[in-house]
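So you can see what is in the structure, the chains are spelled out below.
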Amino acid sequence: MKLRSACISVLSVLSLAIACNSPVQNAAARTPGFDDPVKATVAPLIYDTLSANARSIIAQLDEYYRGQVRAGFNGAVLVGVKGKVVYERYFGVSNREKKMPVAFNSSSQLASISKTFTGAAILYLYEHKMLNIDYPVQHYIKDFPYSGISLRMLLNHRSGLPDYTKWVPVYNKDTRTPITNEAVVGLMVKHKPRVEFRPNTRFKYCNTNFALLARVIEVVSKMSYAEFMNKHIFAPLGMTNTFVYEPWKGLPGNATISYKYNWVREPDMFADGVTGDKGIYSTVQDMFRWDQSLYNSTLLSNEMIELSYGPCSFEKPGIKNYGLGWRMLCYPNGNKVIYHNGWWHGNNTSFYRLIKENMTIIVLGNRFNKAIYRQAPVIYGIVKGVEATGFDDEG
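Nothing here was measured: the structure is a model prediction, and the numbers come from that model. (Residues numbered from 1 in each chain as written. Predicted model: local features only at pLDDT ≥ 70, side-chain atom pairs only at ≥ 80, totals over all residues. Heavy atoms only, no water.)

Undergrad: Just give me the short version of the packing of helix H4 (residues 164-171) against helix H6 (residues 207-221), but keep the residues and values in it.
TA: At their nearest, the axes of H4 and H6 sit 8 Å apart, and the two run at 80 degrees to each other. Judged by the angle between their axes, H4 and H6 are roughly perpendicular. Contacts between H4 and H6 involve Tyr-164, Thr-165 and Trp-167 on the former and, on the latter, Asn-207, Thr-208 and Ala-211. In the contact of H4 with H6, the residues fall into three nonpolar, three polar and no charged. (Axes fitted to C-alpha atoms, helices over the stretch in contact; angles between N-to-C directions. Helix = DSSP H or I, 4+ residues; strand = E, 2+ residues; numbered from the N terminus. Parallel < 35°, antiparallel > 145°, perpendicular 65-115°, else oblique. Contact = heavy atoms within 4.5 Å. Nonpolar A, V, L, I, M, F, W, Y, C, P; charged D, E, K, R; others polar.)

Undergrad: Residue-level account of the pattern of salt bridges, with values.
TA: Scanning the entire structure with this criterion turns up 12 salt bridges. For Arg-89, the salt bridge is made with Asp-62, and the minimal N-O distance between the two is 3.0 Å. A residue pair is termed long-range when its members are at least 10 positions apart, and Arg-89 in strand S2 (residues 84-91) and Asp-62 in helix H1 (residues 52-70) qualify at 27 residues. Judged by its relative accessible area of 28%, Arg-89 falls in the partly exposed class. Here Lys-249 ties to Glu-246 by a salt bridge, and the two come within 3.2 Å at their closest N and O atoms. Owing to a relative accessible area of 62%, Lys-249 belongs among the exposed residues under this scheme. One continuous salt-bridge network, built from bridges that share partners, spans Glu-182, Arg-215 and Glu-218. (Salt bridge = Lys/Arg side-chain N within 4 Å of Asp/Glu carboxyl O. Buried < 20%, exposed > 50% of the residue type's maximum accessible area, 1.4 Å probe, protein only.)

Undergrad: Hey, could you go over the sheet that holds S2 for me, with residue numbers and the actual values?
TA: In spatial order, the strands read S2-S1-S12-S11-S10-S9-S8; together these seven strands make up an open sheet with antiparallel pairing. The open sheet is flanked by S2 and strand S8 (320-322), the only strands paired with a single partner. Strand-to-strand twist across the sheet, computed as the mean angle between neighbouring axes with direction ignored, equals 15 degrees. Bridge analysis of strand S1 (residues 75-81) against S2 gives seven bridges, and the strand direction is antiparallel. Directly across from Val-79, in S2, lies its bridge partner Tyr-87. (Pairing = 2+ DSSP bridges.)

Undergrad: Give me the lowdown on the sheet that holds strand S6 (residues 243-244), citing residues and values where you can.
TA: Each strand in a sheet pairs with another by means of backbone hydrogen bonds, the pair being arranged parallel or else antiparallel. Sheet architecture is open: three strands sit in the order S5-S7-S6, paired in antiparallel fashion. Of all the strands in the sheet, just strand S5 (108-109) and S6 have a single pairing partner and so form its edges. Both S6 and strand S7 (residues 280-282) contribute to a ladder of two bridges, which runs antiparallel. Across the sheet, Phe-243 pairs through a bridge with Tyr-281, a residue of S7.

Undergrad: Give me the environment of Val-363: which residues, what numbers.
TA: Among the secondary structure elements, Val-363 is positioned in strand S12 (residues 359-365). Exposure remark for Val-363: the relative accessible area of 1% places this residue in the buried category. Distance from Val-363 to Thr-283, taken between C-alpha atoms, is 9.5 Å for residues 80 residues apart in sequence. If we skip the residues at most four places from it in the chain, Val-363 touches Tyr-65, Phe-73, Ala-76, Val-77, Asn-348, Thr-349, Ser-350, Ile-372, Gln-375 and Ile-379.

Undergrad: Let's hear about the state of the cysteines: which residues, and what values?
TA: A full pass over the atoms with the stated rule returns zero disulfides. With no disulfide of its own, Cys-330 lies 9.6 Å from the sulfur of Cys-312, the closest cysteine sulfur. On the basis of relative accessible area, Cys-330 is assigned to the buried category, the value being 16%. (Disulfide = S-S within 2.5 Å.)

Undergrad: I'd like a description of the side chain of Arg-215, backed by residues and values.
TA: Tracing the backbone shows Arg-215 in helix H6. A distance of 3.0 Å separates the side chain of Arg-215 from the side chain of Glu-218, its partner in a polar contact. In this structure, Arg-215 is in contact with Ile-141, Asn-181, Glu-182 and Val-185, ignoring residues within four places of it in sequence. (Polar contact = N/O pair within 3.5 Å; in protein donor to acceptor, adjacent residues only side chain to side chain.)

Undergrad: Describe in detail the environment of Pro-37, supporting the description with residues and values.
TA: Of note, Pro-37 is situated in the segment before H1. Residues Pro-37 and Pro-236, spaced 199 residues apart in sequence, show a C-alpha to C-alpha distance of 6.7 Å. Ignoring any residue separated from it by four or fewer positions in sequence, one finds Pro-37 in contact with Tyr-124, Lys-231, His-232 and Pro-236.

Undergrad: Which residues make up the packing of aromatic side chains, and what values do they have?
TA: Here the structure, examined in full by the defined rule, presents 20 aromatic pairs. Three or more aromatic residues link up through ring pairs in this structure, and these residues are Tyr-64, Tyr-65, Phe-73, Tyr-87 and Phe-91. It is Arg-353 that lies over the ring of Tyr-295; its NZ or CZ is 4.8 Å from the centre. Positioned above the aromatic ring of Trp-326, the side-chain terminus of Arg-353 is 5.7 Å from the ring centre. (Phe/Tyr/Trp six-rings, centres within 6.5 Å; stacked < 30°, edge-to-face > 60°. Lys NZ or Arg CZ within 6 Å of the ring centre and 35° of its normal.)

Undergrad: Explain the pairing of strand S10 (residues 336-344) residue by residue, including any values.
TA: On any regular strand, side chains alternate: one points to one face of the sheet, the next to the other face. For S10, a buried count of eight out of nine residues is recorded, marking the element as mostly surrounded by other parts of the structure. Pairing geometry for strand S9 (residues 327-330) and S10, over four bridges, is antiparallel. When the sheet's bridge partners are listed, Cys-330 is paired in S10 with Lys-336. Counted along the chain from S9 to the antiparallel partner S10, the turn is five residues long, and its residue Gly-334 has a positive phi close to 95 degrees. The pairing of S10 with strand S11 (residues 347-354) spans seven bridges and is antiparallel. Looking at the pairing, Asn-341 lines up with Ser-350 of S11. Between S10 and the antiparallel strand that follows it, S11, lie two residues; His-345 among them carries a positive phi value of about 55 degrees.

Okay, structure coming up:
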């Protein structure tokens, strides 16, 4: 699930400059209303597909995706501009054995795009004074064996912790049975795998960070991660086909199956029970609702949203950076691209938010296909009528 950013040759995106550090807030008092989430307002999506320009864009994108399907693409695509859907298509099968087509309600594994939700959930708790992101992890997970690591360092991948997907098999020989976030913490406490660098000295993308954040959510909220996300994130935003995968419960009938490129099913393994870094299933329609909620500050205040967009790593020159749960490309003139890609088993996913244009590109695939990461610049170029290159070409 590692991500590497590439240059973007043509994009002008609104600057959302904000420092990574923020004042420490009092986390003792609970904000009224935390236990009574915002009521769901599931409005139908608005479409802009009838104008001459829209029909031209649709025709060009249809032609492009005919080629992508011939090359192996299987999944869903949605493009939104200024709050309206301009392109939405479903290709291939969600369950090949049952010959079920990919449809509007076919929930797909988001892979690392799940991190955007985990980060938002932590900031939601922060805003409601249920926790403080500048407190150490040990304040919330009492047995946590490493000092000097704050929640903020988990959010921006500056903790120095090793990736659990690599060290868990060293201590847990059963690599097939899914384990929980609590079990990961237990293995950390027992074996204390060596840190890779001193906390907050540099950036390194690491799935352990968001697995720990999911566990913090459970400790603070006294709910499972799945219960919390549904009650406080998915349901209030009307994301009716979005859920956290729990292997011991199985997948609902409308969920897509994860396939290797040769159509062999990807089996569950130990990391499939760990959430926060991945594990959320959703649809392109629900992801567009998630995207638009950030413009409307439905769930988080504008202050919290801008905090999450703030670049946090400056020790290396270049445009690549990471905020609090979001990848970004930051240009010298202050322009910024907010996004996250994902890759888990046969699922390749891409989620781009071009803030100035209020343009969104969502691609969810359930058959392994790294070409998915090269689709966003083509889509952008067709919609905007310019030549675009770059974006992030890996999951």
